[in-house]
Amino acid sequence: MYIHIGEDHSIRVNDIIAILDKASVKNSELLTEFLEHHQDKLMNLSKNPFKSVVVTFDKVYLSPIASGTLRKRSNQVTIQEI
């Protein structure tokens with residue numbers, strides 16, 4: 001199944017490694033360094049400041065959708081697959 005992560009972009013739930021909120025990224029030197037290191041794989045889906053970061057095997061997405069909303073969507077998809 002797929003979930004919508006912003007700007008008409010959907011990704012497979014099974015490809016998601018992590019969904020991080022903006023506060024975690026801004027307050028963590030390690031996460032900031034991770035984003036800088038993966039700049040070539042970074043895809044900004046947000047026209048305004050991003051609300052969450054979605055990490056997959058291939059890319060890192062800056063999403064305009066809150067991490068809590070994305071988590072709920074991924075949980076709903078998982079329940080529907082059962």
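Every chain's residues receive numbers from 1 upward, in the order its sequence appears when written. Owing to the predicted nature of the model, reporting of local features is limited to residues with pLDDT of at least 70; listing and counting of side-chain atom pairs is limited to 80 or more, with chain, interface and lining totals taken over all residues. Working from all heavy atoms in the structure, the side-chain values ignore hydrogens and water.

### Some thoughts on the overall build of the protein
Helical segments are the DSSP runs of H or I of at least four residues, strand segments are the runs of E of at least two, and each set is numbered from the N terminus. Helix and strand counts for the protein stand at 3 helices and 6 strands. Seen through its principal axes, the protein has C-alpha atoms that stretch 40 × 20 × 20 Å. The buried share of the protein, reckoned over its 82 residues, is 32%. Should any heavy atoms of two residues lie within 4.5 Å, those residues are considered in contact. Within the protein, contacts between residues at least 6 apart in sequence are counted, and of these 52% link residues at least 24 apart. Areas reported here follow the Shrake-Rupley algorithm with a probe of radius 1.4 Å; residue values treat only the protein chains shown as occluding. Summing over all exposed atoms, the protein offers an accessible surface of approximately 5500 Å²; the carbon and sulfur share of this is 50%. Within the protein, the 10 negative side-chain charges are centred at a point lying 7 Å from the centre of the 10 positive side-chain charges. Exposed residues in this analysis have more than 50% of their type's maximum accessible area, buried residues have under 20%, and partly exposed residues fall in between, with area computed by a 1.4 Å probe over protein chains only. Only four residue types enter the tally: Lys and Arg on the positive side, Asp and Glu on the negative side; His and the chain ends are excluded. By convention, charge coordinates are those of NZ in Lys, CZ in Arg, CG in Asp, or CD in Glu.

### As for the nonpolar core
To define a nonpolar core, start from buried Ala, Val, Leu, Ile, Met, Phe, Trp, Tyr and Cys residues and group those joined through side-chain atoms within 4.5 Å. Ile3, Ile5, Ile11, Val13, Ile16, Leu45, Val54, Tyr61, Ile65 and Leu70 form the largest nonpolar core, which has 10 residues in total. Beyond its immediate sequence surroundings of up to four residues, Leu70 is in contact with Ile3, His4, Ile5, Ile19, Ser52, Val54, Ser63 and Ile65. Counting residues in hydrophobic clusters, the runner-up holds 7 residues, among them Val25, Phe50, Val53 and Val55.

### Notes on the sheet that holds strand β3 (residues 16–21)
The pairing criterion is simple: DSSP has to find at least two bridges between the two strands. The mixed open sheet is built from 4 strands, whose spatial order is β3-β5-β6-β4. The open sheet is flanked by β3 and β4 (42–44), the only strands paired with a single partner. Across this sheet, the average inter-strand angle for adjacent strands is 20°, counted without regard to direction. As judged from the 3 bridges shared by β4 and strand β6 (residues 60–63), these two strands associate in the parallel manner. By the bridge assignment for β6, Met43 is matched with Tyr61. Structural elements are reduced to axes, namely lines fitted to C-alpha atoms, with helices fitted over the stretch in contact, and the angle between N-to-C directions of any two is expressed from 0 to 180 degrees.

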